[in-house]
Amino acid sequence: MATTKVDPKLTDSELKKKPKTYQGLTSQQLVDAYRIMFTSRRIDDREILLKRQQKVFFQISGAGHEAVGVAAALVLKPGYDWFYPYYRDRALCLALGATPLEMLMGAVGAADDPSSGGRQMPSHWAYKRLNVVTQSSATGTQILHAVGCAEAGRYLAKHPNAARKVEGDYRQFKDVQFQGDEVTYVSLGDGTTSEGEFWEALNAASNRRLPVLFCVEDNEYAISVPVEVQTSGGNISRLVSSFPNFHFEELDGTDPVIAYAAFQRAAGHCRAGNGPAFVHAHVIRPYSHSLSDDERLYRPDAERQRDAARDPISRLQMFLLREGILDEKGINKIEKEVDEEVQSAADRALEAPIPQPETIHNYVYSPDLDPASAAFDRPPAFASPEATADGKRSAASQPKTMADLINATLRDEMRRDERVLIFGEDVADASREEYLKQKLIKGKGGVFKLTSGLQMEFGADRVFNTPIAEAAIVGRATGMAIRGLKPVVEIQFFDYIWPAMMQLRDELPTIRWRSNNAFSAPVVVRVAIGGYLTGGAIYHSQCGESIFTHTPGLRVVFPSNSLDAAGLLRTAIRCDDPVLFLEHKRLYRETYGRSPYPGPDFMVPFGKAKVVQPGTDLTVITYGAVVPRALQAAQKLEREQHVSVELVDLRTLNPFDWEAIAASVKKTNRALIAYEDSLSWGYGAEIAARIADQLFHHLDAPVKRIAATDTFVAYQPLLENAILPQASDLFRAMRELAEF
Ligand SMILES: Cc1ncc(C[n+]2csc(CCOP(=O)(O)OP(=O)(O)O)c2C)c(N)n1
Ligand SMILES: [Mg+2]
């Protein structure tokens with residue numbers, strides 16, 4: 001244990017009067033720390049017992065990590081600072097104010113478990129009142145959220161008006177709070193430092209000098225894999241030590257006094273605005289990885305005994321006795337009280353009601369705001385098309401491309417709502433702002449120029465470039481949205497969305513459901529998608545939307561023309577759910593589907609298809625860049641063979657407009673689903689299955705699909721033509737179906 005520094009200016013008699021402290025911790029604080037650490041261990045022991053009795057269903061212990069957690073909580077402030085703890089942080093959460101009952105309710109999966117209402121494993125902490133944010137089981141994803149959380153705090157401090165509650169959109173449903181000197185704590189294990197997202201987070205926090213306090217709890221193992229296999233050289237502190245703007249601490253994390261002093265220095269650095277801090281705490285893991293693991297299979301007794309000698313509970317107990325802070329009776333009294341409290345909490349948790357099965361559908365999406373509702377149905381207000389004095393039509397009434405109207409919608413929403421931020425690769429006009437200010441350059445504003453001019457109007461703290469790190473783009477956005485901001489981020493090409501897949505599958509869409517509506521992250525992710533580019537080849541032509549429509553909790557939008565793109569993007573930004581907004585690159589500047597600017601309030605609700613062309617002989621269900629191709633084919637078929645095709649543009653893929661599909665198929669009795677992605681397991685498979693299932697008696701022909709070949713998209717234009725569905729393929733498929 002560390003000893004206190006004595007102030008040399010005090011006289012002997014003053015010294016005697018002044019109570020002794022330990023790095024500033026009083027005896028009482030140490031006694032309280034002991035009580036919490038012991039409580040944490042006892043909850044683990046109780047859960048292990050309950051697991052053996054099959055009354056709880058999983059157990060992850062915080063054993064060996066108690067001292068570092070308690071020390072962090074002594075320095076940081078619940079409900080003021082922000083916390084992204086990982087599963088070993090039981091003592092931290094207790095010290096912040098979570099109760100044993102709350103934790104045991106999580107273990108039994110009770111309806112009133114505040115972390116998840118019985119939806120997540122135990123030890124996946126979330127306590128809204130304490131600013132302890134929901135976490136998943138994926139190791140490392142939380143680190144980028146913490147970075148975004150810190151960015152949000154700083155943004156809000158600079159734009160306090162953005163925090164205001166506004167009725168009528170997503171802002172109505174979240175209380176936004178921030179503190180000028182807040183710190184975001186995030187913890188992780190030694191093994192988790194191997195994840196790329198850890199490095200993306202360090203880079204962003206360092207570069208932007210964010211007040212993130214990273215705490216690596218190094219127990220030298222990741223399940224059975226020792227630290228020297230995870231970390232080159234075996235010590236993460238050595239590897240990260242050259243990141244600028246950081247404060248670094250490496251310490252014995254089984255000693256709460258040492259850890260407290262380290263956290264004081266680290267948090268001080270963050271609060272002062274100097275940048276992030278990195279606390280590397282060496283701890284132990286006496287209870288194996290989890291109850292499903294037996295560490296004796298891979299750790300010899302001698303090594304385990306070495307660890308046991310550093311057990312933080314017995315070390316603090318010895319310290320309290322040695323310093324005369326508590327005697328044996330005092331220790332026994334605390335332990336007895338804790339045992340009684342944990343026993344009674346366990347009894348109460350076991351009696352707590354479990355969630356009703358019919359609640360499973362709650363909170364997949366916002367219960368407050370339905371983007372398919374009439375509130376999101378606002379007509380366009382086109383500028384008057386009358387000729388101006390010089391005989392020309394006004395600029396606003398000229399037909400605009402999809403690129404123009406997406407840009408205009410982003411601009412409108414940024415003007416209307418100060419919480420909207422835009423970031424991604426190349427989205428800024430220029431990161432070196434002085435070039436813009438000196439008017440030396442025009443600025444870029446996106447590889448497709450969709451965000452052009454936005455940085456110039458709204459400034460670099462609202463529109464900025466990021467590193468090429470897609471997981472970080474989505475992960476940081478998620479952290480910001482949890483705080484109440486509305487990030488509208490860009491993934492430059494759908495082909496490069498995959499580094500963000502963990503964030504897009506395991507995080508963003510799960511946050512509301514897994515936290516039982518305590519947290520939400522309504523981010524908009526804009527993505528340039530699709531082929532028909534001539535030369536786009538395999539890595540600039542991909543579709544793959546069904547991978548995301550297969551993810552509950554994520555809205556998926558895929559407009560085919562500029563007017564829909566504007567109306568749907570506005571709905572995406574104002575709604576309360578995460579949205580994947582797919583923009584077909586080929587449609588950005590297409591002549592097809594241009595529209596005059598529809599005004600700053602035009603909205604198209606989700607889940608409402610558009611009948612592009614009414615017909616009676618067969619239904620074609622499609623979306624995106626296949627819409628104009630299908631229209632061309634349908635018109636030809638009408639002209640040449642008098643077949644009347646009803647063309648349905650879905651516009652949004654989740655939710656999708658089943659009523660419109662059903663109404664059309666009931667009328668025509670024939671259905672063709674056309675999509676650009678490769679055929680098998682694609683989006684059309686689900687639609688075809690539903691039609692077969694629910695409209696069987698209305699069908700006069702088999703349900704047909706037409707899509708890309710089950711290959712990738714090739715570069716050579718002849719091959720690309722053969723791979724992607726062309727108007728001629730659509731024509732043939734429609735004719736065959738009509739003739740069946
Ligand atoms: C992304 C991901 N990969 C694998 C796992 C399975 N897993 C759970 S915990 C764990 C080890 C983590 O080790 P470490 O970061 O050192 O934390 P510790 O459990 O030792 O405290 C692994 C591999 C996971 N949950 N998430
Ligand atoms: Mg570990």
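See the structure shown above.
Attention in this report is confined to the structure presented alongside it. These figures come from a predicted structure and were not determined experimentally. (Residues numbered from 1 in each chain as written. Chains lettered and ligands numbered in written order. Predicted model: local features only at pLDDT ≥ 70, side-chain atom pairs only at ≥ 80, totals over all residues. Heavy atoms only, no water.)

It is worth spelling out the overall build of the protein chain at this point. Tallying secondary structure elements over the protein chain gives 26 helices and 21 strands in all. Whereas a compact globule of 740 residues would reach a radius of gyration of roughly 27 Å, the protein chain reaches 29 Å, a difference of no more than 12%. With respect to the three principal axes, the spread of C-alpha positions in the protein chain is 105 × 65 × 50 Å. Taken across its 740 residues, the protein chain has 58% of its residues classed as buried. A fraction of 80% describes how many contacts in the protein chain between residues 6 or more apart in sequence connect residues 24 or more apart. Per element, the accessible surface of the protein chain, about 29,700 Å² overall, is 52% carbon and sulfur. (Helix = DSSP H or I, 4+ residues; strand = E, 2+ residues; numbered from the N terminus. Rg over C-alpha atoms; globule rule 2.2 N^0.38 Å. Buried < 20%, exposed > 50% of the residue type's maximum accessible area, 1.4 Å probe, protein only. Contact = heavy atoms within 4.5 Å. Areas by Shrake-Rupley, 256 points an atom, 1.4 Å probe, with all protein chains shown as cover.)

Next up on the list: unusual backbone geometry. The residue after Asn654, namely Pro655, is reached through a cis peptide bond having omega 5°. Summarising the element assignment, Pro655 is placed in the loop between strand E19 (652-654) and helix H23 (658-668). Residue Asn516 is not a glycine yet carries a positive backbone phi of 55°. Counting through the fold element by element, Asn516 comes out in the loop between helix H19 (511-514) and strand E13 (524-529).

Turning our eyes to something else, we now look at the sheet that holds E13. If you walk across this open sheet you meet the 7 strands as E11-E10-E12-E13-E15-E14-E19, and the pairing is mixed. Where the open sheet ends on each side, the last strands, each with one partner, are strand E11 (463-465) and E19. In this sheet, neighbouring strand axes are inclined to one another by 20° on average, regardless of whether the strands run parallel or antiparallel. Examined bridge by bridge, E13 and strand E15 (residues 579-584) share 6 bridges and lie parallel to one another. Paired with Val527 across the bridge in E15 is Leu582. Lying over the sheet, helix H14 (residues 402-416) contacts strand E10 (420-424), E11, strand E12 (486-491), E13 and E15, oriented at roughly 135° with respect to E10. (Pairing = 2+ DSSP bridges. Axes fitted to C-alpha atoms, helices over the stretch in contact; angles between N-to-C directions.)

This brings us to the sheet that holds strand E5 (residues 212-218). Ordered in space as E3-E4-E5-E9-E8, the 5 strands form an open sheet in which the pairing is parallel. Either end of the sheet is taken by a strand with one partner, and the two such strands are strand E3 (82-84) and strand E8 (247-252). Neighbouring strand axes in the sheet, compared pairwise and without regard to direction, differ in orientation by 15° on average. Note that E3 and strand E4 (residues 184-189) share 3 bridges and pair parallel. Bridge pairing in E4 places Trp82 opposite Thr184. Of the strands in this sheet, E3, E4 and E5 are in contact with helix H6 (residues 141-158), which crosses E4 at around 170°.

Here we come to the packing of helix H22 (residues 626-641) against helix H26 (residues 727-739). At a closest axis distance of 8 Å, the pairing of H22 and H26 adopts a crossing angle of 50°. As the angle between them shows, H22 and H26 are arranged oblique. The way H22 lies across H26 gives a crossing that is right-handed. On H26, the residues touching Val626, Arg629, Ala630, Gln632, Ala633, Ala634, Lys636, Leu637, Glu640 and Gln641 of H22 are Ala727, Leu730, Phe731, Met734, Arg735 and Glu739. Partitioning the contact of H22 with H26 into residue classes produces 9 nonpolar, 2 polar and 5 charged. (Parallel < 35°, antiparallel > 145°, perpendicular 65-115°, else oblique. Left-handed = near helix turned anticlockwise from the far one by under 90°. Nonpolar A, V, L, I, M, F, W, Y, C, P; charged D, E, K, R; others polar.)

Okay, the coordination of the magnesium ion (ligand 2) next. Protein coordination at the magnesium ion (ligand 2) comes from Asp190 (OD), Asn219 (OD1) and Tyr221 (O), with a distance range of 2.0 to 2.2 Å. As a motif over one chain, the donors of the magnesium ion (ligand 2) read D-x28-N-x1-Y. With a gap of 31 residues between them, Asp190 in the loop between E4 and helix H7 (196-207) and Tyr221 in strand E6 (residues 221-222) connect regions that are remote in the sequence. Note on Tyr221: relative accessible area 9%, which makes it buried. (Donors = N, O, S within 2.8 Å, 3.2 Å for Na, K, Ca; no water.)

Here we take up a nonpolar patch on the surface. Residues Tyr435, Leu440 and Ile441 make up a contiguous nonpolar surface patch of roughly 270 Å² in combined accessible area. The topology assignment puts Ile441 in the loop between helix H15 (433-437) and helix H16 (454-458). Taking the relative accessible area as the measure of exposure, Ile441 reaches 36% and is therefore partly exposed. (Patch = residues over 30% accessible without salt bridge, like charges linked within 9 Å, V, L, I, M, F, W, Y side chains within 5 Å. Salt bridge = Lys/Arg side-chain N within 4 Å of Asp/Glu carboxyl O.)

Ligand 1 sits among 18 residues. The nearest are Tyr86, Tyr87, Ser137, Thr192 and Tyr221. Tyr86 has a polar side-chain atom sitting 2.7 Å from an oxygen atom of ligand 1. In this structure, an oxygen atom belonging to ligand 1 sits 2.7 Å away from a side-chain N or O atom of Tyr87. Burial of ligand 1 by the protein amounts to 76% of the accessible area it has alone, namely 580 Å². Tallied by class, residues from the shell around ligand 1 come to 7 nonpolar, 8 polar and 3 charged. (Near = heavy atom within 4 Å. Polar contact = N/O pair within 3.5 Å; in protein donor to acceptor, adjacent residues only side chain to side chain.)

The subject of this paragraph is helix H3 (residues 66-75). Of all 10 residues making up H3, 9 are buried, and the element is well covered by its neighbours. Residues of H3 that are buried: Glu66, Ala67, Val68, Gly69, Val70, Ala71, Ala72, Ala73 and Val75.

Right, let's talk about the pairing of strand E9 (residues 277-282) for a bit. Counting buried positions over the 6 residues of E9 gives 5, a clear majority of the element. Here 6 bridges tie E5 to E9, and the two strands are oriented parallel to one another. Paired with Phe214 across the bridge in E9 is Phe278. Bridging between E8 and E9 involves 6 bridges; their strand directions are parallel. Paired with Glu250 across the two strands is His280, which belongs to E9. The β-α-β motif built from E8, the intervening helix H10 (residues 256-271) and the parallel element E9 has right-handed crossover chirality. (Right-handed = clockwise from strand over helix to strand, strands pointing away.)

Turning next to the pairing of strand E21 (residues 704-708). Of the strand pairs in this sheet, strand E20 (residues 671-678) and E21 are connected by 4 bridges, and their pairing is parallel. Bridging from a neighbouring strand, Leu672 pairs with Lys704 of E21. Read as a crossover between parallel neighbours, the route from E20 over helix H24 (residues 683-694) to E21 is right-handed.

Geometric values such as these leave the question of function open.
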